[in-house]
Amino acid sequence: MKLKLFKKYFFADALIIVLSFAVMMTILSFVLNNYLAKTKYETLSKCSAGVSDYLSKLSGGDIKSEEFFQTVNALSSVSNVDIFLADNEGKIAVCSCSEWLENGKCSHSQHIIPKEELKSSGGKSSFRLDTLDIYEAPHYIASEPVINTGGNRIGTVFSTAPVSAIRELMFTVTKLYLLSAAVPITVMFFAIYIMTYRLTKPLKLMSEASRAMAKGDFSKRIPVTSDDEIGELAVSFNQMTNSLAQLESMRKSFVANVSHELKTPMTTIGGFIDGILDGTIEADKQSYYLGIVSDEIKRLSRLVQSMLSMSKLEAGEFVLKPELFDFRELLCTIVISQEQRIEAEKIEITGLDGIESISVTADRDLIHQVIYNLTDNAIKFVNEGGNIDFKAKTDGKKLIFTITNTGKGIPAAELPYVFERFYKVDKSRSANKNSTGLGLYIVKTIVKAHGGTVTVTSRENEFTSFSVTLPLQ
């Protein structure tokens with residue numbers, strides 16, 4: 001079973017904390033143990049050296065006297081060590097313990113100190129761990145030879161302290177350390193839990209949202225609760241989700257629109273041809289209906305051509321071929337080509353005579369399509385006997401072209417969508433069957449490819465105006 005990211009992150013951080021405290025405890029124990037051992041060595045060495053110097057300065061005194069014992073016993077009590085004097089044979093002559101004072105002997109005096117222990121007395125090497133054949137457990141031991149005024153060794157002073165005393169102190173320190181560390185460790189665990197939860201929750205939500213998107217549900221969004229990298233990731237994810245949702249909506253709309261646009265003329269064509277073939281349509285009316293079929297086929301051709309142009313533009317397959325041309329000449333050529341339609345609708349054309357010659361460096365064919373689509377749109381939707389006005393000017397860096405037609409206009413709520421694919425203000429699609437809904441989308445794409453902009457303004461039942469801005473170079 002795979003651990004989830006939350007558990008991995010939490011356990012990893014918890015393990016790091018525990019290991020860190022363990023390492024700190026190990027280092028503390030090592031340093032403290034060395035310090036205590038060094039301190040104990042100094043204490044034992046001073047005790048041994050002090051007693052040895054004291055005995056060396058005695059002149060003929062009895063080393064077993066009560067006065068000497070009281071001195072050694074007091075030093076032993078203050079230093080918390082055992083002190084005893086052994087002769088050159090290893091027999092204990094005087095011990096600092098209370099039992100010796102009462103009985104003249106003690107448990108220590110029942111043992112003989114090995115001679116090799118006597119030989120190792122004096123100097124730093126005399127500090128060691130040993131039992132001296134007296135103790136059951138190892139003790140810290142420091143020894144110092146006693147030299148009389150004649151320079152002869154008359155005995156050895158031993159100072160000992162149990163290792164268990166330091167171990168008990170280490171245990172106490174460790175217990176205090178653990179008790180004092182318990183609170184910060186607990187707080188850190190809670191803090192890590194909260195931080196881990198906050199870090200992994202957005203990722204978990206993103207995973208759930210991704211699975212939902214894979215099933216076609218684009219409604220889930222990630223709440224943004226911070227302004228750090230996780231917050232930025234959540235914002236980017238939401239933006240991606242919005243884009244995907246929009247693309248999915250556009251895809252569905254595209255499929256629905258294409259299906260509708262193809263189905264309507266194909267149904268018309270099929271119906272009329274079937275009527276001609278089965279004799280439903282009389283021979284004298286066949287030419288009329290074949291004319292309708294021809295118009296529908298041309299409509300299909302325009303639709304397919306527009307879709308091909310759109311696909312090439314979106315795929316970046318259109319390579320701009322800039323050339324220098326006269327914009328006024330191009331505009332006039334397009335308007336003249338629509339003369340029959342203009343006259344049939346009794347449309348008044350204004351503004352052309354006021355446009356001066358303007359040189360533009362751009363892809364002539366693509367700009368031709370832009371102007372043609374806008375002019376074609378204006379003629380389609382102008383009211384009968386209405387007006388189409390053309391304006392073109394330059395500010396030295398860019399061309400500003402405006403085409404305005406009178407007519408029904410476009411509702412304000414519809415204006416943001418007029419440049420979308422297959423979008424038609426008339427939802428019934430009956431206003432103009434020659435419209436594919438791709439013209440303005442192609443206009444916007446071409447103008448954008450040239451580094452320009454296209455905008456639209458309109459007032460219902462008055463006018464509609466499209467404005468194109470193009471760089472001169």
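Before reading further, recall that the structure is shown in the block above.
Chains are numbered independently. Their residues run from 1 in the order of the written sequence. Only residues with pLDDT of at least 70 get local features here, since the model is predicted, and only at 80 or more are side-chain atom pairs given and counted; chain-wide, interface and lining totals rely on the full set of residues. Hydrogens and water are ignored here; the side-chain numbers use all heavy atoms of the structure.

S.K.: Give a description of the overall build of the protein chain that names residues and reports values.
M.R.: Strands are runs of DSSP state E lasting at least two residues, helices are runs of H or I lasting at least four, and both sets are numbered from the N terminus onward. Of the regular secondary structure elements, the protein chain holds 11 helices and 12 strands. We call a residue buried when its accessible area falls under 20% of the maximum for its residue type, exposed when it is over 50%, and partly exposed in between, using a 1.4 Å probe and counting protein chains only. Residues counted as buried form 38% of the 473 residues belonging to the protein chain. The method behind every accessible area is Shrake-Rupley, applied with a 1.4 Å probe, and residues are considered shielded solely by the protein chains displayed. Counting only carbon and sulfur atoms, one obtains 57% of the accessible surface of the protein chain, whose full area is about 28000 Å².

S.K.: Tell me about the pairing of strand β10 (residues 398-406), and please be specific about residues and values.
M.R.: Regular strands place their side chains on alternate faces of the sheet. As paired elements, strand β9 (residues 387-394) and β10 share 7 bridges and run antiparallel to each other. Residue pairing in the sheet places lysine 393 in a bridge with isoleucine 400 of β10. Connecting β9 to the next strand, β10, in antiparallel fashion are 3 residues, including glycine 396 with a positive phi near 95°. Any two strands are treated as partners once DSSP identifies two or more bridges connecting them. Pairing between β10 and strand β12 (residues 463-471): 9 bridges, direction antiparallel. Among the inter-strand pairings, leucine 399 is bridged to a residue of β12, identified as leucine 470.

S.K.: Can you break down the pattern of salt bridges residue by residue, with the values?
M.R.: The rule for a salt bridge is simple: a side-chain nitrogen of Lys or Arg has to be within 4 Å of a carboxyl oxygen of Asp or Glu. Throughout the structure, instances matching the rule amount to 5 salt bridges. Lysine 391 is paired through a salt bridge with aspartate 389; the nearest N and O atoms lie 2.6 Å apart. The network of salt bridges with common partners includes Arg341, Asp376 and Lys380.

S.K.: Can you break down helix α8 (residues 327-337) residue by residue, with the values?
M.R.: The set of residues buried in α8 consists of Phe327, Leu330, Leu331, Cys332, Ile334 and Val335. Under this definition, polar contacts are N or O atom pairs within 3.5 Å; protein pairs additionally need one hydrogen-donor-capable and one acceptor-capable atom, and for neighbouring residues in sequence, both atoms have to be side-chain atoms. A distance of 2.9 Å separates the backbone nitrogen of arginine 328 from a side-chain oxygen at the start of α8, and that oxygen is part of aspartate 326.

S.K.: Account for the packing of helix α10 (residues 364-381) against helix α11 (residues 439-449), naming residues and giving values.
M.R.: Lines are fitted to the C-alpha atoms to define the axes, a helix being fitted only along its stretch in contact, and any angle between axes, read from their N-to-C directions, falls within 0 to 180 degrees. Two numbers describe how α10 lies on α11: the axes approach to 9 Å, and their chain directions differ by 145°. Where α10 crosses over α11, the two elements pack in a sense that is left-handed. Listed contacts from α11 to Leu366, Gln369, Val370, Asn373, Leu374 and Asn377 of α10 are Gly439, Leu440, Ile442, Val443, Ile446 and Val447. Lys, Arg, Asp and Glu make up the charged group, whereas Ala, Val, Leu, Ile, Met, Phe, Trp, Tyr, Cys and Pro make up the nonpolar group; the residues left over, Gly among them, are polar. Its residues placed into classes, the contact of α10 with α11 shows 8 nonpolar, 4 polar and no charged. Each crossing gets its hand from how the near helix is turned against the far one by less than a right angle, where anticlockwise is left-handed and clockwise is right-handed. Throughout, a contact is declared for two residues whenever any of their heavy atoms are within 4.5 Å.

S.K.: Pulling in residues and values, what's your account of helix α5 (residues 163-214)?
M.R.: At alanine 182, α5 shows its strongest bend, of approximately 35°, with the proline proline 184 following within four residues. In the segment just after α5, glycine 216 is the residue with positive phi, at about 95°. Two axes define the bend at a residue: one fitted to the seven residues ending there, one fitted to the seven starting there, and the bend is the angle between them.

S.K.: Mind laying out the packing of aromatic side chains, listing which residues take part and the relevant values?
M.R.: Between rings of Phe, Tyr and Trp, where Trp is taken as its six-membered ring, a pair exists when centres lie within 6.5 Å; planes separated by under 30 degrees are stacked, by over 60 edge-to-face, and by other angles tilted. Scanning the entire structure with this criterion turns up 6 aromatic pairs. Both rings, one in phenylalanine 272 and one in tyrosine 289, keep their centres 4.8 Å apart while their planes meet at 45°; by these two values the pair is tilted. With a gap of 17 residues between them, phenylalanine 272 in helix α6 (residues 229-277) and tyrosine 289 in helix α7 (residues 286-315) connect regions that are remote in the sequence. The partly exposed category is assigned to tyrosine 289, whose relative accessible area is 23%. Judged by centre distance (5.3 Å) and plane angle (65°), the ring pair of phenylalanine 327 and phenylalanine 401 falls under edge-to-face.

S.K.: Could you give an account of the environment of glutamine 110, with specific residues and numbers?
M.R.: As for its position among the elements, glutamine 110 is in the loop between α3 (98-103) and α4 (115-119). Relative accessible area serves as the criterion here: at 65%, glutamine 110 is assigned to the exposed category.

S.K.: So what's going on with the packing of α8 against α10? Residues and values would help.
M.R.: Where α8 meets α10, the closest approach of the two axes is 10 Å, and the angle between their N-to-C directions is 45°. The angle between the axes of α8 and α10 places the two elements in the oblique class. The two elements α8 and α10 cross, and the hand of that crossing is right-handed. Along its contact with α8, which presents Phe327, Leu330, Leu331 and Ile334, the element α10 presents Arg364, Ile367, His368, Ile371, Tyr372 and Thr375. Angular relationships are summarised with four words: roughly parallel below 35 degrees, roughly antiparallel beyond 145, roughly perpendicular across 65 to 115, and oblique for the angles in between.

S.K.: Summarise the sheet that holds strand β1 (residues 82-86); cite the residues concerned and give the values.
M.R.: Strand order across the open sheet formed by 5 strands is β2-β1-β5-β4-β3, with antiparallel pairing between neighbours. Where the open sheet ends on each side, the last strands, each with one partner, are β2 (92-95) and β3 (128-130). Between one strand and the next, the sheet's axes are offset by a mean angle of 35°, whatever the strand orientation. Looking at chain direction, β3 and strand β4 (residues 139-147) are connected through 3 bridges and run antiparallel. When the sheet's bridge partners are listed, arginine 128 is paired in β4 with isoleucine 141. The strands touched by α5 within the sheet are β3, β4 and β5 (153-162), with β5 carrying the most contacts at an inclination of about 25°.

S.K.: Break down a positive patch on the surface for me, citing the residues and quoting the values.
M.R.: Patch building starts from residues that exceed 30% relative accessible area and form no salt bridge, then joins like charges within 9 Å and nonpolar side chains (Val, Leu, Ile, Met, Phe, Trp, Tyr) within 5 Å. Think of it this way: Lys and Arg go in the positive column, Asp and Glu in the negative one, and His and the chain ends go nowhere. The atom standing in for a charge is NZ when the residue is Lys, CZ when it is Arg, CG when it is Asp and CD when it is Glu. A contiguous patch of positive charge, built from Lys4, Lys7, Lys201, Lys204, Arg211 and Lys215, is present on the exposed surface. Examining the composition of the positive patch, we find that 3 residues originate from one element, α5, more than from any other. Note that lysine 204 resides in helix α5. On the accessibility criterion, lysine 204 (52% relative accessible area) is exposed.

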